[in-house]
Amino acid sequence: MTVMNMIQALNSAHDVMMERDKRVVALGEDVGYFGGVFRVTEGLQRKYGASRAFDTPISENGIVAAAIGMAAYGLRPVAEIQFADYIYPAFDQLVSEAARVRYRTASEWSLPLTIRSPYGGGIFGGQTHSQSPEALFAHVAGLKTVIPSNPYDAKGLLIAAIEDDDPVLFFEPKRIYNGPFDGFFDRPVTPWAKHPQAEVPDGHYTVPIGKAAVVREGGDLTILAYGTMVHVVLATVAAEGVDAEVIDLRTILPVDIETIEASVRKTGRCVVVHEATRTGGFGAELSALVQERCFYHLEAPVQRATGFDTPYPHSLEWAYFPGPVRIGTAIRKALED
Amino acid sequence: MTVMNMIQALNSAHDVMMERDKRVVALGEDVGYFGGVFRVTEGLQRKYGASRAFDTPISENGIVAAAIGMAAYGLRPVAEIQFADYIYPAFDQLVSEAARVRYRTASEWSLPLTIRSPYGGGIFGGQTHSQSPEALFAHVAGLKTVIPSNPYDAKGLLIAAIEDDDPVLFFEPKRIYNGPFDGFFDRPVTPWAKHPQAEVPDGHYTVPIGKAAVVREGGDLTILAYGTMVHVVLATVAAEGVDAEVIDLRTILPVDIETIEASVRKTGRCVVVHEATRTGGFGAELSALVQERCFYHLEAPVQRATGFDTPYPHSLEWAYFPGPVRIGTAIRKALED
Amino acid sequence: MNDQPERPNRPALSLHVPEPEARPGDEADFSHLDIPPAGSVRRPDPHAPARETHDLVFTLVRVLDEEGKAVGPWDPKLDPETLRRILRDMMLVRVYDDRMYRAQRQGKTSFYMKSTGEEAVAVAATHALDRDDMTFPTYRQQGILIARDYPLVQMMCQVYSNRGDPIKGRQLPIMYASKDHGFFTISGNLATQYPQAVGWAMASAISGDSRIASAYIGDGSTAEGDFHAACTFAAVYRAPVILNIVNNQWAISSFSGIAGAELTTFAARAVGYGIAGLRVDGNDALAVYAATRWAADRTRANLGPTLIELFTYRVEGHSTSDDPSVYRPQDAASKWPLGDPIRRLKQHLLALGEWDEERQAALETELGETVRAAQKQAEKQGTLVTSTIDFPQDVRTMFEDVFAEMPWHLKEQQAQMVAELAAKRK
Amino acid sequence: MNDQPERPNRPALSLHVPEPEARPGDEADFSHLDIPPAGSVRRPDPHAPARETHDLVFTLVRVLDEEGKAVGPWDPKLDPETLRRILRDMMLVRVYDDRMYRAQRQGKTSFYMKSTGEEAVAVAATHALDRDDMTFPTYRQQGILIARDYPLVQMMCQVYSNRGDPIKGRQLPIMYASKDHGFFTISGNLATQYPQAVGWAMASAISGDSRIASAYIGDGSTAEGDFHAACTFAAVYRAPVILNIVNNQWAISSFSGIAGAELTTFAARAVGYGIAGLRVDGNDALAVYAATRWAADRTRANLGPTLIELFTYRVEGHSTSDDPSVYRPQDAASKWPLGDPIRRLKQHLLALGEWDEERQAALETELGETVRAAQKQAEKQGTLVTSTIDFPQDVRTMFEDVFAEMPWHLKEQQAQMVAELAAKRK
Ligand SMILES: Cc1ncc(C[n+]2csc(CCOP(=O)(O)OP(=O)(O)O)c2C)c(N)n1
Ligand SMILES: Cc1ncc(C[n+]2csc(CCOP(=O)(O)OP(=O)(O)O)c2C)c(N)n1
Ligand SMILES: [Mg+2]
Ligand SMILES: [Mg+2]
């Protein structure tokens with residue numbers, strides 16, 4: 001066990017897997033000699049050589065396509081897209097190819113491929129360093145989407161993703177790389193060291209894909225969140241003094257419907273939280289699922305607390321970001337009647 | 001007034017606008033000399049010259065980027081993406097650029113740009129000639145998405161799209177280009193000629209973006225649909241003998257929430273229908289909106305009848321396609337209790 | 001200077017939109033083509049620096065002359081056995097294409113695409129590779145499968161999407177896939193396979209393997225961003241890959257000028273990426289073989305990729321959905337000056353005295369029968385009958401192979417569909 | 001042949017990953033560069049066929065020699081007035097950059113990017129265009145705005161995202177936009193502007209206009225598919241556009257070898273597209289001016305695009321988020337052999353007798369004061385203070401400009417946010 005922040009935990013996942021399995025290679029813009037702009041791949045080129053951890057041309061499309069080819073060969077590439085906002089040039093290769101090759105070949109080929117990408121706001125990154133595109137991938141049959149919220153899960157889920165025989169999109173909440181930001185942007189951020197989930201085993205372990213975590217048990221209502229928002233929700237719940245059950249989805253697709261259903265059946269109320277723009281966000285799917293499956297248990301409409309339907313604004317970041325006020329309002333609405 | 005099928009109506013919209021407004025140009029793969037693989041741009045090059053209706057290289061990315069540049073100059077390009085399944089290479093230009101330029105420049109620049117693309121299944125087109133990607137665009141702030149269901153609307157909406165000062169994605173239900181297919185694939189398809197909405201004015205008119213149409217009034221439940229599914233829903237409603245209110249959304253974003261709300265408040269029950277894969281489809285957003293805004297009027301959960309969460313299969317097309325059985329089942333579920 | 005408000009002396013600009021030499025109603029015109037005589041192009045050492053190939057991107061490597069003699073430095077000097085095998089495979093491709101085209105016209109399936117006139121670019125190239133080298137084809141290289149003895153019946157079952165289809169009716173006809181035959185799954189999305197091939201080749205190099213990759217793309221499809229990604233990655237990492245461009249001069253209705261070939265060649269792209277480039281008579285099986293072998297030898301020595309433009313002509317329509325007579329002259333295919341690859345190789349074998357008209361006739365008969373027999377066998381397993389609910393596949397398979405393990409939502413949807421079908425059958 | 005099961009004589013492949021000549025700890029090494037003497041490169045007629053430029057893509061157009069003399073056929077023979085204006089603009093860019101960089105370090109804004117050492121590629125090129133030609137810049141061509149007299153205060157307000165920011169604090173610092181200055185909105189997504197510029201130029205041609213477009217892209221960004229789309233469309237339609245590649249030899253931490261420049265030049269891409277190409281000393285303001293003017297003259301005559309590689313060096317870090325000392329030698333920038341564009345133009349003016357050290361000193365003082373004064377004025381309208389809810393913008397503006405008219409859902413969300421802020425302030 002070592003206390004790690006999220007970057008260190010992700011780095012350790014790479015290290016463990018590259019050590020164990022020669023088929024694992026890391027690639028991406030600035031991933032090689034430099035070790036990644038967020039330093040997630042730091043040291044890997046030194047340790048495993050340039051042909052297993054290397055820089056790529058600035059072509060997200062090429063990165064994903066090359067990774068698909070490598071996976072088709074039999075390697076297990078872990079490709080970094082420097083910011084999730086830059087994943088769109090690779091959209092066709094992800095949607096039309098990565099997601100389809102198994103189906104197209106009746107499983108003769110599979111693509112054990114992991115695409116990592118820092119996502120989300122809260123760092124004053126403006127329009128192109130802040131987006132949360134996870135919903136776009138959840139709509140595409142054949143892709144799994146994973147979003148960790150703490151160092152322990154980050155490492156365990158990344159190892160699970162690398163070992164998964166299907167393509168996994170692995171979005172990393174960059175706002176909490178260094179500490180579990182709680183949404184109160186005027187308070188100092190605590191480092192990971194103080195958080196129990198920063199105790200990370202040094203070796204190999206997995207956190208299963210498709211399993212949510214109940215991070216707080218409660219009876220008043222159910223709150224579904226993932227990534228940075230887990231921490232914002234927990235802080236808001238504390239501030240509001242409500243007895244909420246908080247579920248960290250961890251995997252967006254396939255979503256852990258059992259855990260969700262069991263909780264909402266118990267509480268009868270539900271709030272869904274994400275950073276992404278509201279319309280067509282994954283919160284819409286969660287809201288639809290909950291009302292389809294728990295309708296007769298629901299005592300109030302499922303509420304969504306999300307980013308607004310605007311491009312991500314630079315200077316108004318803290319008005320845009322779904323913080324304690326927006327989430328608190330949604331909680332209170334869900335508790336009405 | 002002329003009786004037109006959908007292709008003729010769309011062709012006429014181009015013709016009317018290119019005649020009226022020199023800034024309107026048509027471009028795309030096979031769009032020029034040949035007039036488009038579905039013949040929507042037939043005759044335009046002959047009439048308006050090669051510099052206003054022309055073939056492009058096979059680069060959807062380039063097509064959209066060039067159209068953005070043209071719109072930035074002040075033209076009103078109408079670009080065809082040959083099949084909606086091929087829009088993904090242009091995803092970055094659409095999401096990061098077309099959708100953002102107005103915001104990025106505080107409206108100093110706007111992009112009056114129309115992207116037309118045939119979408120949807122039912123033609124044995126397999127995985128790459130059948131998809132319905134509209135939900136992906138509805139999630140992106142800054143894009144409008146329009147889907148007509150008949151020749152009259154097709155022409156009026158396309159003219160409205162071309163005249164709109166913002167980028168509009170215009171998805172054309174190719175299954176009903178030539179006739180209003182009703183989902184009973186074992187019955188002969190009626191041609192448009194027999195349909196009242198095939199009476200199309202020859203000149204200029206618009207159907208407003210953002211306004212749905214109540215295509216059947218009813219009291220038992222509300223059914224939300226668009227494109228080909230409007231006809232399948234109407235046929236199913238007739239076959240099931242239910243008094244459904246059927247709403248043709250016509251615009252996906254911005255969706256006509258007033259019409260939806262008014263109807264669901266009246267009926268208390270709702271079914272959402274689309275061809276696209278279910279998870280994260282636009283049906284999820286509709287379901288979420290309806291339960292958020294009409295929760296206390298709802299007597300049963302909102303049901304979704306959609307495509308399955310698999311890639312579009314070639315040989316099992318009619319098992320995949322949301323037809324009268326699937327929609328009928330959803331209707332009956334929505335009418336339970 | 002910077003501040004003149006007016007625009008003195010600035011002529012009006014105008015848009016140039018490329019047009020082919022001839023359109024329907026015109027006579028086909030290939031007089032603009034500059035075709036060097038067979039044997040006239042130099043052959044650099046396969047280990048030479050890439051730039052020493054850069055004059056070759058503007059000419060045409062040709063081996064077979066007008067009389068069917070193999071001439072010049074690119075003659076691969078194949079044994080008659082191999083030549084006959086290549087001839088046979090090309091002929092089989094043509095017979096197969098004709099047969100399946102007809103099957104589509106008879107309503108037995110939804111779609112078909114022929115490779116008529118382009119048989120050499122797949123067949124001869126495949127014979128120049130090792131059997132376990134990997135190929136990333138487009139939909140017009142069925143010749144690779146045939147050259148590697150993929151069972152005809154299975155090909156047909158794929159075209160019919162029937163019970164014998166190895167990919168369970170999931171894809172449009174002709175979108176074959178076979179790992180055992182080093183044939184990557186064909187994509188309906190153009191160009192995507194090109195950078196994937198480079199990734200595969202990089203993986204082979206990373207693994208210290210000795211297998212190389214060979215990728216195909218059409219002239220029209222080179223405009224996609226994937227083409228650029230492939231060339232960039234291949235150049236940067238000196239990936240062991242052959243990048244073939246099949247320039248059959250047409251996309252669907254648009255000619256290669258719309259793809260950027262008006263003032264340069266596709267092979268010339270190699271110069272910009274600093275990789276080796278060759279431009280080859282794609283209807284000359286020996287030239288195709290020789291160029292492929294040259295590129296394979298080069299890349300096996302870790303010297304990086306070669307971009308090969310295979311100059312040919314799409315003799316038939318783009319697919320069964322296309323009628324070329326509305327956008328190009330009727331006589332275009334017949335006037336095409338580089339001839340027919342099958343006829344040219346046959347002529348060569350005849351000139352060598354290694355073939356005769358009787359054997360030719362016998363082979364034609366044999367291949368016709370082989371294909372007919374295979375078709376019979378394939379059709380026993382069903383054809384794609386599009387207007388019934390007697391699905392050629394077990395409907396439950398629709399939900400398989402989306403993921404390695406079926407998640408809950410697909411299980412639920414599978415159950416839903418089974419119920420739907422039961423309802424429908426009532 | 002096709003069926004050998006074994007792989008005799010097949011050596012193991014290996015992956016080549018390009019490495020720069022030197023890394024931290026090494027001495028900077030530019031000895032591999034082949035820099036031709038100023039004045040040695042021929043100047044083709046701007047109306048010549050594209051291929052007559054294709055030897056120029058491997059050399060370097062240079063005008064200013066070691067003593068500051070303008071030599072050879074590319075000397076644009078500018079009047080001293082213009083030379084001094086270019087010098088002044090480049091100096092102003094540098095003073096401005098230093099000032100804003102410091103403002104970011106002082107916490108007044110979130111981000112900044114300098115163009116140190118690359119001032120000529122924006123400033124000199126802009127002076128070679130007409131004032132109403134359109135530019136599609138990257139984040140490193142602030143020199144265009146300065147050359148076109150965009151108000152410094154407004155630039156700074158954008159950097160501060162403050163009340164005076166013409167784009168309402170929506171974008172990261174330095175992502176300027178100004179229609180009046182022919183400066184298209186900078187995108188944080190690399191390369192997207194390149195094919196847009198081609199589209200704009202096509203529109204100008206379609207409209208019979210006479211304005212041309214000039215687009216910029218970085219060496220690293222040429223790997224994006226957008227680059228290929230731009231070159232393809234520009235070539236096909238002979239669009240009136242200048243396609244500039246600013247090769248400052250670094251992306252962020254990766255050098256131009258990772259972008260494909262190990263065995264060729266970026267200018268060489270022109271050969272593959274069949275368009276004119278030039279490779280230019282980007283630190284030589286006169287060479288930049290001359291090449292731009294050559295390309296502008298050419299394209300104004302409807303002769304199509306020119307690809308210009310501007311060879312320069314990124315002297316500073318990539319942005320305020322970057323520290324180059326961890327991936328390249330400390331002394332790299334100072335050892336860069338093509339010198340500093342400001343120093344070189346100043347030397348030229350001195351050599352001409354059209355400048356002296358007193359005027360230089362006076363100009364430096366003047367520019368310093370201009371920038372300081374502008375900064376004061378800008379800061380009156382606020383700076384980006386990142387940890388408070390005293391937003392520099394009216395929060396309601398967040399929902400404006402998504403569409404021309406605000407749809408219902410944005411109105412609702414706007415009202416929601418106003419209520420949130422009221423709640424927060426309580
Ligand atoms: C991404 C994408 N865009 C468009 C299409 C539609 N399409 C199918 S084939 C084709 C023409 C391809 O021409 P070329 O690359 O020259 O190949 P050829 O058919 O001549 O072998 C087009 C435009 C597609 N399949 N995929
Ligand atoms: C699509 C996209 N991918 C990645 C990035 C991250 N990024 C920003 S600048 C940069 C390097 C660009 O290098 P180059 O094109 O050489 O321009 P320079 O900074 O040297 O002027 C990278 C990788 C981005 N902004 N957009
Ligand atoms: Mg072709
Ligand atoms: Mg650079």
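This one's a predicted model, so the numbers in the text were calculated from it and none came from an experiment.

Quick word on the overall build of chain C
Thinking step 1. Broken down by element type, chain C carries twelve helices and five strands.
Thinking step 2. If one aligns the C-alpha atoms of chain C with their principal axes, the spans along those axes are about 75 × 75 × 55 Å.
Thinking step 3. Residues classed as buried in chain C amount to 67% of the 426 residues present.
Thinking step 4. Long-range contacts, defined as pairs at least 24 residues apart, comprise 75% of the intrachain contacts of chain C with a sequence gap of at least 6.
Thinking step 5. Carbon and sulfur atoms make up 48% of the accessible area of chain C, which amounts to about 13900 Å² in all.
Thinking step 6. Of the charged side chains in chain C, 47 are positive and 57 negative; the average position of the first set lies 4 Å away from that of the second.

Some remarks on the relation of the copies chain C and chain D
Thinking step 1. Once chain C has been moved 0.0 Å along the axis and rotated by 180°, it coincides with chain D to within an RMSD of 0.0 Å. Classification of the inter-copy transformation places it as that of a two-fold axis. Closest approach to the rotation axis among the C-alpha atoms of chain C is made by C:Gly225, whose C-alpha sits 2.0 Å away.

Regarding the packing of helix 2 (residues 119-127) of chain C against helix 8 (residues 285-300) of chain C
Each pair of packed helices gets described by two things: the angle between the helix axes and the distance between those axes.
All names here are of chain C.
Thinking step 1. Running from N to C, helix 2 and helix 8 cross one another at 50°; their axes reach a closest spacing of 8 Å. When the axes of helix 2 and helix 8 are compared, the pair comes out oblique. The two elements helix 2 and helix 8 meet at a crossing, and its hand is right-handed. In this structure, helix 2 uses Ala120, Val121, Ala124, Ala125 and His127 to contact helix 8, whose residues at the interface are Ala285, Val288, Tyr289, Thr292 and Arg293.
Thinking step 2. Of the residues belonging to the contact of helix 2 with helix 8, the class tally is seven nonpolar, two polar and one charged.

Here we look at the domain arrangement of chain C
Thinking step 1. Partitioning chain C into domains gives domain 1 (50-252 + 260-319 + 329-379) and domain 2 (395-425).
Thinking step 2. Between the C-alpha centres of domain 1 of chain C and domain 2 of chain C there is a distance of 38 Å.

A closer look at the sheet that holds strand 3 (residues 241-247) of chain D
Residue and element names in this part refer to chain D.
Thinking step 1. Here we have five strands laid out as an open sheet, ordered 1-2-3-5-4, and parallel in their pairing. Lying at the two open borders of the sheet, with one neighbouring strand each, are strand 1 (134-136) and strand 4 (276-281). Each strand axis lies, on average, 20° off the axis of its neighbour in the sheet, ignoring direction.
Thinking step 2. Examined bridge by bridge, strand 4 and strand 5 (residues 306-311) share six bridges and lie parallel to one another. Across the sheet, the residue bridging to glycine 277 is leucine 307, located in strand 5.

Some words on a positive patch on the surface
Residue and element names in this part refer to chain C.
Thinking step 1. Together, Arg102, Arg372, Lys376 and Lys380 give the surface a local cluster of positive charge.
Thinking step 2. Here the positive patch gets three residues from one element, more than from any other, and that element is helix 11 (residues 357-380).
Thinking step 3. With respect to the helices, strands and loops of the structure, arginine 372 is situated in helix 11.

Remarks on the pairing of strand 2 (residues 24-28) of chain B
All names here are of chain B.
Thinking step 1. Counting buried positions along strand 2 yields five of five residues, so the element is predominantly enclosed.
Thinking step 2. Examined bridge by bridge, strand 2 and strand 4 (residues 76-80) share five bridges and lie parallel to one another. Bridge assignment links alanine 26 to a residue of strand 4, and that residue is valine 78.
Thinking step 3. As paired strands, strand 2 and strand 3 (residues 53-55) are joined by three bridges and run parallel to one another. In the sheet register, glycine 28 faces strand 3, and the bridge partner there is aspartate 55.

Concerning the coordination of the magnesium ion (ligand 4)
All names here are of chain D.
Thinking step 1. Looking at the magnesium ion (ligand 4), the protein donor atoms are Asp219 (OD), Asn248 (OD1) and Trp250 (O), and they sit 2.0 to 2.1 Å from it.
Thinking step 2. One chain supplies every donor to the magnesium ion (ligand 4), and in sequence these donors are spaced D-x28-N-x1-W.
Thinking step 3. Among the residues examined, tryptophan 250 registers a relative accessible area of 7% and is labelled buried.

Brief notes about the interface of chain C and chain D
Thinking step 1. Each partner contributes to the interface: chain C provides 63 residues, whereas chain D provides 64 residues.
Thinking step 2. Inspection of the region where chain C meets chain D yields four salt bridges.
Thinking step 3. Two residues, C:Asp130 and D:Arg10, come together in a salt bridge whose shortest N-O distance is 2.8 Å.
Thinking step 4. For the side of chain C that touches chain D, the elements supplying multiple residues, two or more each, are helix 2, helix 5 (193-206), helix 6 (225-237), helix 7 (269-273) and helix 8 of chain C.
Thinking step 5. If you tally residues by element for the side of chain C that touches chain D, the top one is helix 6 of chain C, at six residues.
Thinking step 6. Partitioning the side of chain C that touches chain D into residue classes produces 26 nonpolar, 22 polar and 15 charged.

Definitions and limits used
Residues numbered from 1 in each chain as written. Chains lettered and ligands numbered in written order. Predicted model: local features only at pLDDT ≥ 70, side-chain atom pairs only at ≥ 80, totals over all residues. Heavy atoms only, no water. Helix = DSSP H or I, 4+ residues; strand = E, 2+ residues; numbered from the N terminus. Buried < 20%, exposed > 50% of the residue type's maximum accessible area, 1.4 Å probe, protein only. Contact = heavy atoms within 4.5 Å. Areas by Shrake-Rupley, 256 points an atom, 1.4 Å probe, with all protein chains shown as cover. Lys, Arg positive; Asp, Glu negative; His and termini not counted. Charge placed at Lys NZ, Arg CZ, Asp CG, Glu CD. Least-squares fit on C-alpha atoms with pLDDT ≥ 70 in both. Axes fitted to C-alpha atoms, helices over the stretch in contact; angles between N-to-C directions. Parallel < 35°, antiparallel > 145°, perpendicular 65-115°, else oblique. Left-handed = near helix turned anticlockwise from the far one by under 90°. Nonpolar A, V, L, I, M, F, W, Y, C, P; charged D, E, K, R; others polar. Domains from an automatic or database assignment. Pairing = 2+ DSSP bridges. Patch = residues over 30% accessible without salt bridge, like charges linked within 9 Å, V, L, I, M, F, W, Y side chains within 5 Å. Salt bridge = Lys/Arg side-chain N within 4 Å of Asp/Glu carboxyl O. Donors = N, O, S within 2.8 Å, 3.2 Å for Na, K, Ca; no water.

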